[in-house]
Amino acid sequence: HSYDAPARNRKPDDYGVDTIKITDDDAAFILGKGGKTKEKISRVSEAEIELFERDLILEIRGSKVQRRRAKKYCEGVMAQRTGPVNVTEDYNDDDLTMLQVPQETVGFVTGRAGNFLRTIEDEWGTLMFFCEVGQGGRSKDFEKLAIFGSVRGRRGAELKVLSAAETKSPGYFNKIREDVVERDKGMDSTGTWGTDTMTFQDDELSYALGKQGGTRKKLERASQAIVQYVGHVALFSGTRQERRRAKEYMRWLFGQLEGPVYVNGWQDRDDCTVVEVPSDCIGYITGNRRATLGCLEEEWGTLMFFMAKDGDKGGRQGWSEQLIIFGNERGRRGAELKCMNEIERKAPGTFTKGLREKITDTRGFDTDRICIKEDELSYVIGKEAATQKKLAIAAGAILQFVGRYAFIAGSYKERKRCKEYIGWLLQQLRSAVTIADVSSRDDCTEMHIPMNCKGWVTGNRGSELRRMEQETGVFMFMALDGRGEERLIIFSHDAGSKTSANGRMAAERLVNELVQEKLRDDGDRDNSRARSNSRPASPPRGRSDSRCRKPSPPPRRNSSRANSPPPRGRSPVGRGDRSPPRGGRSDYYSRGGGGRGGGRDDSRSRSRRR
């Protein structure tokens, strides 16, 4: 997730700008709710899109192909406002899949107010709409669904639509199976893109699908292939290597129904990691009905199971069992470190005995270890590991504690960021943090907060900052600059966007909202004071004697008992040598407990006297 700034800003040779003049109604359609449609078109076309609402001009920036695609998508979205979109042959820039959807399933595939299609678009980064093709008009039996996007995105969306259509119209997939399987063959950068299939029986299908599709999603993320079930057929789409992995994982999954599974030659594979789990920790790591392993698989996108050779009981010499983890490098390392964390808590010293700190300068993915002092450990981890997760998300690294050691995994920039964040966090325990200059950093935003707003923005003991951190996935705190002036710094590898709920821009918006809220409140208060000061003194209202108030004497420090009114039904005279209150009113009221000047005590006194 970390890119160097120059690479991010590098522009293609045929970079240019196109503009389209649009109507007011079209502008609302292209923008979409909260700007989501514009963001979607930009994401699918990979072009930058800016809408100038005052001039009703759409500006598209990017390479020639990116601009052409963005323009085409915008025209398609605008055309939906007035009726069906007409898709001609020149619409295809190697970014289009046309799928026939049976008429009786169209409503089911679209979903209420188009929700199902929008969900698929968000999941696979595509743009989808029903359309007419050429001059032929619409067929009565089928509707044409246009899917725009990358090869992977289009195939994922297409199979999701087919899966939904097949549940409503069983048998339809078999009629078009050959076209679907052969589509886009070899069309990716490796030239090995394709689709393989497996057929299941009823009982096998439910096992392969898992609870709420959990097993299917797990296989998909671990193998990095697209895994989808259409009727009783499982389709695996991806590069040759991804498809091979997905089918192997599926075989091992079903093999576990028969008994223990052992992966021969796992040492030579580049898609797995093995953790030795002590026998007394196996149940702890597995969890009730495999719940703990399931959570780890879902969090890290991995496939995990205990390996055992036929006839083995209790693993190597009955001491431990091998837990094998399949997935990409980052996912495997995250799941492995979490397992080590749990095992170390259950059996201290299993991994930390004789362990030392390790700092590497590897540019690619690697793991650093730093030792945290015992008295600082709970502060870095935080309540329910909230601080640990916050630092990991903001740095874009994996941060896990095994005993007193912080394991930091990621690219060089991610590891360096995470170590800096931990250092600044611990510095806050001792004194104010000074970060003289952040101008050369690409992971932070500086905000100068007005003096009268600082307490409002930070909240009680930093509660507002913690809330904003949790909502936006950033790490933020007040720090001094080189001149000793305090400002708020927001750290995160994710810069965010105008519409994103995460990242530095989202956090900046929340801070600005708090500042504006405080300034508004202060302005209203000043205005009300100015109004009250400018009013002429009003004549007394002529209240009855019983409502008259005599000026209260200055408050005296007395015992807490003297501050409370006498209990009901009991005369105050009977308490020691205290004399009855003068003027028939209790001492409580003479100290300013009643009347308008009582503040908070006033409400309490009223509740007591009722």
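What counts, and where the lines are drawn
Residues numbered from 1 in each chain as written. Predicted model: local features only at pLDDT ≥ 70, side-chain atom pairs only at ≥ 80, totals over all residues. Heavy atoms only, no water. Phe/Tyr/Trp six-rings, centres within 6.5 Å; stacked < 30°, edge-to-face > 60°. Helix = DSSP H or I, 4+ residues; strand = E, 2+ residues; numbered from the N terminus. Buried < 20%, exposed > 50% of the residue type's maximum accessible area, 1.4 Å probe, protein only. Pairing = 2+ DSSP bridges. Axes fitted to C-alpha atoms, helices over the stretch in contact; angles between N-to-C directions. Contact = heavy atoms within 4.5 Å. Arc of directions from axis to C-beta.

Here the structure, examined in full by the defined rule, presents 18 aromatic pairs. Centre to centre, the rings of Y249 and F326 are 4.9 Å apart; their planes meet at 45°, and the pair counts as tilted. One end of the pair, Y249, is in helix 11 (residues 240–258); the other, F326, is in strand 13 (residues 320–326), with 77 residues separating them in the sequence. Its relative accessible area of 0% is what places Y249 among the buried residues. Ring centres of F477 and F491 lie 5.7 Å apart, and the angle between their planes is 25°; on these two criteria the pair is classed as stacked. Pair noted here: F477 is in strand 18 (residues 475–480) and F491 is in strand 19 (residues 486–491), with a separation of 14 residues, a long-range link. Each of the two residues, F477 as well as F491, counts as buried.

With that out of the way, let us pick up the sheet that holds strand 12 (residues 303–307). Read across the open sheet, the three strands follow the order 11-13-12; overall the sheet is antiparallel. Taken across any chain shown, the strands that pair with only one partner, and hence form the sheet edges, are strand 11 (272–278) and strand 12. Mean inter-strand twist for the sheet, computed between neighbouring axes without regard to direction, equals 25°. Across five bridges, the pairing between strand 12 and strand 13 is antiparallel. Opposite F306, over in strand 13, you have L323 as the bridge partner. Contacts from helix 13 (residues 291–300) reach strand 12 and strand 13, with the element oriented near 140° to strand 12.

Before going further, it helps to examine helix 19 (residues 463–472). For helix 19, the full list of buried residues reads L465, M468, E469 and T472. Angular distribution of buried residues about the axis of helix 19 spans 105°; they occupy a single face of the element. Immediately downstream of helix 19, the backbone of G473 shows phi near 70°, a positive value.

Spatial ordering of the open sheet is given by 1-3-2, a layout of three strands whose pairing is antiparallel. Pairing within the sheet leaves two strands with one partner each, and these edge strands are strand 1 (16–21) and strand 2 (48–52). Pairs of neighbouring strands in the sheet enclose a mean axial angle of 20°, with direction left out of account. Sheet analysis places strand 1 next to strand 3 (residues 57–62), joined by six bridges and oriented antiparallel. Across the sheet, D18 pairs through a bridge with I60, a residue of strand 3.

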